[in-house]
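Listed below, chain by chain, are the residues.
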Amino acid sequence: AQSVTQLDSQVPVFEEAPVELRCNYSSSVSVYLFWYVQYPNQGLQLLLKYLSGSTLVKGINGFEAEFNKSQTSFHLRKPSVHISDTAEYFCAVSEGQAGTALIFGKGTTLSVSS
Amino acid sequence: DVKVTQSSRYLVKRTGEKVFLECVQDMDHENMFWYRQDPGLGLRLIYFSYDVKMKEKGDIPEGYSVSREKKERFSLILESASTNQTSMYLCASRTGTVNTEAFFGQGTRLTVV
């Protein structure tokens, strides 16, 4: 069965600092990987996704993620964060089989302060 | 744009009541999902449906049921609401192709008193 582990529940950083949010997954088959962001009192919004091809994926708002098959990881990065990036971030995995759901990690709260 | 609409943003219900949470999507998506979001626990899958009248249990189906009579609508039913079902409920939909993302509604914050 597939599962997702987000290694940090909270990540506090200062504005303009780089940040990495870590995600590891477990699956016995090929997977598709996603990062979502949730701003306060809002639904989830897709940041980026890995389907195939290049292992470095670029998303919205300057975020990028790297798929590492050997380490079963899909870490999210941003070279310089803004106050407005304060939100909760979720990593999700979908197995490459019809009729399967997206499985989410427990989330990482990113807090950016000045 | 894909739109997933949940019928209520906030609901307050009494213990023992039967509660219906409704979700409608406008993009002809085959798959629809209900998740529950709690602090520190992330999103946990309650049920999903990959076709009309078809459903699969997720990780935490106990105390819940679902109905999908039409492709665009997926309902979550709490047969007898309990205080431990106080939570944020999120509906999502996606196409039948596995390499696509899910689109989410704004969520329903349910309080059971």
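Computed from a prediction, not measured in an experiment: that's the story for all the values here.

### Focus: the overall build of chain B
Here comes step 1: A tally of helices and strands in chain B yields 0 helices and 11 strands.
Here comes step 2: Going from the N terminus to the C terminus, chain B shows its helices and strands as β-β-β-β-β-β-β-β-β-β-β.
Here comes step 3: By principal-axis analysis of the C-alpha atoms, chain B measures approximately 40 × 25 × 25 Å.
Here comes step 4: Taken across its 113 residues, chain B has 49% of its residues classed as buried.
Here comes step 5: Contacts in chain B between residues far apart in sequence, at least 24 positions, make up 54% of those at least 6 positions apart.
Here comes step 6: Just so you have it, chain B exposes about 5,400 Å², and 49% of that area is on carbon and sulfur atoms.

### Describing the overall build of chain A
Here comes step 1: Looking only at helices and strands, one finds 0 helices and 12 strands in chain A.
Here comes step 2: Reading the secondary structure of chain A in the N-to-C direction produces β-β-β-β-β-β-β-β-β-β-β-β.
Here comes step 3: Against the 2.2 N^0.38 benchmark of 13 Å for 114 residues, chain A shows a C-alpha radius of gyration of 14 Å, consistent with a compact globule.
Here comes step 4: Principal axes of the C-alpha set define a box for chain A whose edges measure 45 × 30 × 20 Å.
Here comes step 5: Counting only contacts in chain A whose residues sit at least 6 apart along the sequence, the fraction spanning at least 24 positions is 57%.
Here comes step 6: Carbon and sulfur atoms make up 49% of the accessible area of chain A, which amounts to about 5,300 Å² in all.
Here comes step 7: Of note, chain A has its 7 positive side-chain charges centred 7 Å away from the centre of its 9 negative side-chain charges.

### Focus on the layout of surface pockets
Here comes step 1: Of the pockets and cavities examined, the second largest pocket occupies roughly 200 Å³.
Here comes step 2: For the second largest pocket, the full set of lining residues is Q38, Y39, P40, N41, Q42 and E88 of chain A together with Q37, D38, P39, S87, M88 and R109 of chain B.
Here comes step 3: Mapped onto the lining of the second largest pocket, the elements with two or more residues apiece are β4 (31-38) and β9 (87-94) of chain B.

### What about the packing of aromatic side chains?
Here comes step 1: Evaluated as defined, the whole model comprises 12 aromatic pairs over all chains.
Here comes step 2: Judged by centre distance (5.5 Å) and plane angle (45°), the rings of F63 of chain A and Y89 of chain A are tilted. Remark: Y89 of chain A occurs in strand β10 (residues 87-95) and F63 of chain A occurs in the loop between β7 (56-58) and β8 (64-68); sequence separation between them is 26 residues.
Here comes step 3: Ring centres 5.8 Å apart and planes at 80° place the aromatic pair F104 of chain A and F104 of chain B in the edge-to-face group.

### Examining unusual backbone geometry
Here comes step 1: Of note, the phi angle at N61 of chain A is positive, near 60°, even though the residue is not glycine.
Here comes step 2: For N61 of chain A, the position within the fold is in the loop between β7 and β8.
Here comes step 3: Phi at D28 of chain B takes a positive value of approximately 60°, unusual for a residue other than glycine.
Here comes step 4: With respect to the helices, strands and loops of the structure, D28 of chain B is situated in the loop between β3 (19-25) and β4.

### Brief notes about the interface of chain A and chain B
Here comes step 1: On the chain B side, the residues contacting the 26 residues of chain A number 22 residues.
Here comes step 2: At the boundary of chain A with chain B, total buried surface from both sides reaches about 1,800 Å², with 57% on carbon and sulfur atoms.
Here comes step 3: Run the count over chain A and chain B and you get 1 salt bridge.
Here comes step 4: One salt bridge connects K49 of chain A with E101 of chain B, and the closest N-O pair in it is separated by 2.8 Å.

### Quick notes on the pairing of strand β12 (residues 108-113) of chain A
Residue and element names in this part refer to chain A.
Here comes step 1: What you see with β12 is a clean split: T108, L110 and V112 sit on the buried side and T109, S111 and S113 on the side with no burial.
Here comes step 2: Here strand β2 (residues 10-14) pairs with β12 via 5 bridges, running parallel. Paired with P12 across the strands is S111, a residue of β12.
Here comes step 3: Both β10 and β12 contribute to a ladder of 3 bridges, which runs antiparallel. When the bridges of β12 are listed, A87 appears paired with L110.

### Remarks on the environment of F74 of chain B
All names here are of chain B.
Here comes step 1: In this fold, F74 is placed in strand β8 (residues 73-78).
Here comes step 2: Judged by relative accessible area, F74 falls into the buried class, the value being 0%.
Here comes step 3: In this structure, the C-alpha to C-alpha distance between F74 and C23, residues 51 residues apart in sequence, is 5.3 Å.
Here comes step 4: Residues within four places of F74 in sequence aside, it is in contact with L21, E22, C23, M32, F33, W34, Y47, F48, S49, V66, S67 and R68.

Rules used throughout
Residue numbers here run from 1 along each chain, matching the order of that chain's written sequence. Chains carry letters and ligands carry numbers; both start at the beginning, A for chains and 1 for ligands, and go up in the order they are written. This being a predicted model, a pLDDT of at least 70 is required before a residue's local features are given, and a value of 80 or more before pairs of side-chain atoms are given or counted; all residues contribute to the totals for chains, interfaces and linings. The side-chain values count all of the structure's non-hydrogen atoms but skip hydrogen atoms and water molecules. Helical segments are the DSSP runs of H or I of at least four residues, strand segments are the runs of E of at least two, and each set is numbered from the N terminus. For each residue, the accessible area found with a 1.4 Å probe, counting protein chains only, is set against the maximum for its type, and the residue is called buried under 20%, exposed over 50%, and partly exposed in between. Contact criterion: two residues are considered in contact whenever any of their non-hydrogen atoms come within 4.5 Å of each other. Note that accessible areas follow from Shrake-Rupley with a 1.4 Å probe, and for residues the cover is restricted to the protein chains shown. With C-alpha atoms as the basis for the radius of gyration, the globule rule is written as 2.2 Å multiplied by the number of residues raised to the power 0.38. When charges are counted, neither His nor the chain ends are considered; positive counts come from Lys and Arg and negative counts from Asp and Glu. A charge is said to be at NZ when it belongs to Lys, at CZ for Arg, at CG for Asp and at CD for Glu. Two kinds of site are reported from a 1 Å grid over the protein atoms alone, namely cavities, where a 1.4 Å probe fits but cannot get out, and pockets, open sets with protein on both sides within 12 Å along at least five of seven lines, and residues are called lining when an atom falls within 4 Å of a point. Grid points are joined across faces, edges and corners, and a volume is the space filled by probe spheres set on the points. Ring pairs shown here join Phe, Tyr and Trp side chains whose ring centres sit within 6.5 Å, with only the six-membered ring taken for Trp; geometry is labelled stacked below 30 degrees between planes, edge-to-face above 60, and tilted in between. By definition, the buried area sums, over both parts, the 1.4 Å-probe accessible area that each loses when the two are put together. The term salt bridge refers to a pairing of a side-chain nitrogen on Lys or Arg with a carboxyl oxygen on Asp or Glu at a separation within 4 Å. A strand pair is defined by DSSP finding two or more bridges across the two strands.

In short, geometric facts, not functional conclusions.
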